[in-house]
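Results of the structural survey
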Amino acid sequence: MSSALALAIPLAFASYNAVLRGNDWWLAIALTSTIVLGAAAATRGLLETTPRVRLIRALPTAAAAFAALVTVSIGSVAGTTFFGLPTFDTFRALFDLGAEGVGSLAAQEAPALADPGVILLFSAGSAVAALLCDLVAVALRRPALTGLLLVPVAVVPAFIVPLDDVSWVIVAAISWLLVLAASRPGRGRRGWDVVAVLAASIAAALVAAVVLPLPSAREITGSGPGNSIRSGVNPVVTLGEDLRREETITALRYSSRSGKGHYFRLTALDSLTEDGWSVADPPELGDGPDEAPAPPGLSPDVLREREVTTVSVDSLGGGWVPVPYPAVSVDGLRANAVWDTRAQALRTEGRSVRGEQYEVESMLLRPTPQQLQDAGTVVPEEIAALAIPDASWPSLITETAVSVTAGTATNYERALALQEFLREEGDFEYSEFAPQREGYDDTSAGAVAAFLEVRSGYCVQFASAMAFMARTLGIPSRIALGFLPGEETGQRVSDASRQWVVTSDELHAWPELYFEGIGWVPFEPTTTRGEPADYAEPAALEELDDAPDEAPDVAAPIPSASAPAAPDRGDVGGLGAGPEETRISIPPVVYVLAALLVLALVPAIVRALQRSRRLARVRRGGSAAVAWREVMEFSRDLGLEVASTSTPRENAAVLGSSAGAPRALSALLDALERESYAPAGARAEASVSSEAQSVVSALWRSAPPAQRLAAVLWPRTLVERIIGAIS
């Protein structure tokens, strides 16, 4: 029965391969459920000869529950355990990680990323399922009722996403039938039990699909599901949905050393296909969060201020880390993260950013209009492909760009003309109900042409239009996705900085254009949204002839991202270059090895306690048969060929050549035979205990070292009993 359940539970969860990415989550389910069921079966095997009192009958379930707790703790938060055993910190860490998993599932679309919080939820769920199935099928002997757990688990994904492959659901149903077959129930109500369980299971699956925090299907449109803002592999897909959601949700809170508000950037999209903008695939991965890639094309002549921003992420899903651009370093992330050097974007590995708190060092760039004008029309060879339009684009895009920029001479002048046309002069209207295709917010060339005709859309259409038109003019372009600065709350945080709050209403997209010597420069073409930077104001061109010979009075420049940072970081916390705090960290593998060592010693401990208990019973006047049974089992543990089908005399003959204690063996055999023919209630002689101990000691001394080690660590009689209980 336990073997059938160990097969059925992982197969029931296998249908979630349409909802979750990867297979780590399934391996965790298979391992956890097998350990829980094995703990229950092994405990029943050990208690076969124990009187059936109520407390003893509850031990297998208690052992399974303890195994579930230990397994889930080691698998998810091993660093908080005491050599594998849960502590108070373990329970707090499990609760926090579980809450992150719930938020991650609610924030993602299917197929969702199985981050550590999600894996915890599924491994814990499989542990509970294994515990309940064992209790119902084995302890209560009602195996048909396991379908109330297994069938809903297998069917729930069908209510979330269309299942192209239903084979896993069929396999799960067959595995449940194997559980029924393994139970070998008597005739009678089996058919009615199956029908009733199937009906109840489908109802339970419907309820679970509504109540559980599972990832949403990508086809969902409108106000956006759940209570989180989603940022998947391509955040532009869900940006419009989240903007149109009926309720406003807090994405993040932050405070900056300067007290100023900042745009927060998730990533940049520079690849164009027939469907529109997308993230470069494969990404160009760089270093960890503490060393951001240097902004491409940025020369030392561009003035900059050093900024430090403290960020607390609320209801933002996905793996993109919101940071001001360009960032120098990020400190304090719990998740592992790497930089995408092409997009200058930071993304976590294997978990959502929801609940993260971190500190960002960044640069506030101050390019002057003269520097942008002096960039002329130069395009570096390495990004020349980002300045070439596609011949298949509607001609309206090129015609509009040429018309709007007539009379301009440099890329800077053209960029300002495009921005002014979209933001002010073209009479465009901001509307969140932009052209869509098949439920997705469209950023294709066709959608951009439609936007230029109807002159109504939201930030994605404004940013796309400017980026498309820039490429038709030979200007490298891409679009960035992230958030507007948000609103100042009026509250002060611990360092007296002003706090800002950013909500789903501040989700935003904007174009970035490349200028030689400055790099990627953001513009703000969306009408009524955001504020253009000083260099992007319409009057900036008028200041070119009056540009001062000396730099404006701003904070001292800081080095570029690739250079060492200034040493004065007294109040920046983890961004400092001073000595790091020395901490001794025990790797999780140590806890795993320690737990495995403890588990390896369990059979030896159980067998030693069993032997001690039997001999103690004999000393208190117990049966000689008990002493003889212990001698026989100890002999089998050592690998001696004694059999339960042989007579005591025949087994004694086998032991005689090995025991080395013929007198004690003969006395024990005589006591057994006298007891077999004695009147009922007769007591064994007190010397039987010492004789049995003498035989056991003699057998131990005569056995080779390898047989002794096997008898201690993996007693044969105990293993056979466990295997018998499982099968």
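Treat the numbers as computed from the prediction; the structure is a model and nothing was measured. (Residues numbered from 1 in each chain as written. Predicted model: local features only at pLDDT ≥ 70, side-chain atom pairs only at ≥ 80, totals over all residues. Heavy atoms only, no water.)

From N to C terminus, the protein includes 22 helices and 19 strands. Per-residue burial over the protein gives 50% buried out of 727 residues. Restricting the contact set of the protein to residue pairs at least 6 apart, pairs at least 24 apart contribute 76%. For the protein, the computed accessible surface area is about 33900 Å², with 58% contributed by carbon and sulfur atoms. (Helix = DSSP H or I, 4+ residues; strand = E, 2+ residues; numbered from the N terminus. Buried < 20%, exposed > 50% of the residue type's maximum accessible area, 1.4 Å probe, protein only. Contact = heavy atoms within 4.5 Å. Areas by Shrake-Rupley, 256 points an atom, 1.4 Å probe, with all protein chains shown as cover.)

Strand order across the open sheet formed by four strands is E2-E15-E18-E19, with antiparallel pairing between neighbours. If you trace the sheet from one side to the other, it starts and ends with strand E2 (264-269) and strand E19 (519-522), each paired once. Put simply, the sheet's adjacent strands are angled 35 degrees from each other on average, direction ignored. Most of the contacts of helix H15 (residues 459-472) go to strand E18 (residues 507-515), to which it runs at about 15 degrees, and overall it touches strand E15 (477-483) and E18. (Pairing = 2+ DSSP bridges. Axes fitted to C-alpha atoms, helices over the stretch in contact; angles between N-to-C directions.)

This part takes up the nonpolar core. Formed by 76 residues in total, the largest nonpolar core has its most connected members in Tyr-358, Ile-397, Leu-422, Leu-452, Phe-483, Phe-515 and Phe-523. The biggest single contributor to this core is H15, with ten residues. Leaving out residues up to four positions away in the same chain, Ile-397 has contacts with Ala-445, Val-448, Ala-449, Leu-452, Phe-468, Met-469 and Thr-472. (Core = buried A, V, L, I, M, F, W, Y, C linked by side-chain atoms within 4.5 Å.)

Attention now goes to the packing of aromatic side chains. Across all of its chains, the model carries 17 aromatic pairs by this definition. Summarising the aromatic geometry, the rings of Phe-421 and Phe-428 are spaced 5.3 Å apart at their centres and angled 85 degrees between planes, so their arrangement reads as edge-to-face. The class for Phe-428 is buried, based on a relative accessible area of 8%. Ring geometry for Tyr-514 and Trp-520: centres 5.4 Å apart, planes at 75 degrees, overall edge-to-face. For the pair shown, Tyr-514 and Trp-520 are each scored as buried. Cluster of aromatic residues (ring-pair linked, three or more members): Tyr-412, Phe-515, Phe-523 and Tyr-535. Here the basic side chain of Arg-265 rests over the ring of Tyr-325, its NZ or CZ set 4.4 Å away from the ring centre. Taking the ring centre of Trp-320 as reference, the NZ or CZ of Arg-347 above it sits at 4.7 Å. (Phe/Tyr/Trp six-rings, centres within 6.5 Å; stacked < 30°, edge-to-face > 60°. Lys NZ or Arg CZ within 6 Å of the ring centre and 35° of its normal.)

Of note, the amide linkage connecting Tyr-325 to Pro-326 takes the cis form, showing an omega dihedral of -5 degrees. Structurally, the position occupied by Pro-326 is in the loop between strand E6 (320-321) and strand E7 (327-331). Even without glycine at this site, Gln-344 takes up a positive phi of about 50 degrees. Residue class for Gln-344 comes out buried when judged on its relative accessible area of 8%. With a phi angle near 55 degrees, Arg-455 is a residue other than glycine that sits in the positive phi range. Inspection of the secondary structure puts Arg-455 in the loop between helix H14 (445-454) and strand E14 (456-457). Arg-455 gets classed as partly exposed once you look at its relative accessible area, which sits at 31%.

Moving on: the confidence of the model for the protein. Residue-level pLDDT values for the protein average 76, and 72% of them are 70 or greater. Ranking the elements of the protein by mean pLDDT puts helix H9 (residues 190-211) last, at 47, and helix H12 (residues 395-404) first, at 95. Confidence drops under a pLDDT of 50 for residues 185-197, and excluding neighbours within four residues, the segment shows twelve contacts in the predicted structure. Segment residues 216-228: pLDDT under 50, and 41 contacts once partners within four positions in sequence are set aside and those in other chains are kept. (pLDDT = per-residue confidence, 0-100.)

So, about the sheet that holds strand E8 (residues 337-340). Where strands meet in a sheet, backbone hydrogen bonds hold them as pairs that are either parallel or antiparallel. Taken in spatial order, the three strands of this open sheet run E6-E9-E8, and their pairing is antiparallel. Looking at which strands have only one partner, the edges of the open sheet turn out to be E6 and E8. One ladder, built from four bridges, connects E8 with strand E9 (residues 345-348); its direction is antiparallel. Its bridge partner lying in E9, Trp-339 is registered against Leu-346.

Attention now moves to helix H1 (residues 2-13). If you check H1, its first and last C-alpha atoms are 17 Å apart, about what twelve residues at 1.5 Å a residue would give, namely 16 Å. The element H1 is extensively covered by neighbouring structure, given that nine of its twelve residues are classed as buried. All buried positions along H1 are accounted for by Ser-2, Ala-4, Leu-5, Ala-8, Ile-9, Pro-10, Leu-11, Ala-12 and Phe-13. (Expected span 1.5 Å × (residues − 1).)

With that settled, the discussion passes to the pattern of salt bridges. Inspection of every chain in the model, using the stated rule, returns twelve salt bridges. A salt bridge links Glu-512 to Arg-265; the nearest nitrogen and oxygen atoms lie 2.9 Å apart. Separated by 247 residues along the polypeptide, Glu-512 in strand E18 and Arg-265 in strand E2 bring together distant segments of the chain. On the basis of relative accessible area, Glu-512 is assigned to the buried category, the value being 1%. The structure contains a network of salt bridges with shared partners spanning Lys-260, Glu-305 and Arg-366. (Salt bridge = Lys/Arg side-chain N within 4 Å of Asp/Glu carboxyl O.)

With that settled, the discussion passes to the pairing of E18. The element E18 is extensively covered by neighbouring structure, given that nine of its nine residues are classed as buried. As judged from the four bridges shared by E18 and E19, these two strands associate in the antiparallel manner. If you follow Leu-513 over to E19, its bridge partner there is Val-521. Hairpin connection from E18 to E19: three residues lie between these consecutive antiparallel strands, with Gly-517 at a positive phi of about 90 degrees.

With that settled, consider helix H13 (residues 411-425). Because each turn of an α-helix spans 3.6 residues, side chains separated by three or four positions in sequence point in the same direction. Summarising burial for H13: 13 of the 15 residues are buried, a large majority. A positive phi of about 55 degrees marks Asp-427, the residue just after H13.

Right, let's talk about the environment of Ala-78 for a bit. Among the structural elements, Ala-78 can be located in the loop between helix H4 (59-77) and helix H5 (88-107). Overall, the relative accessible area of 5% leaves Ala-78 in the buried class. When the C-alpha atoms of Ala-78 and Thr-90 are compared, they prove to be 8.1 Å apart, with twelve residues separating the residues in sequence.

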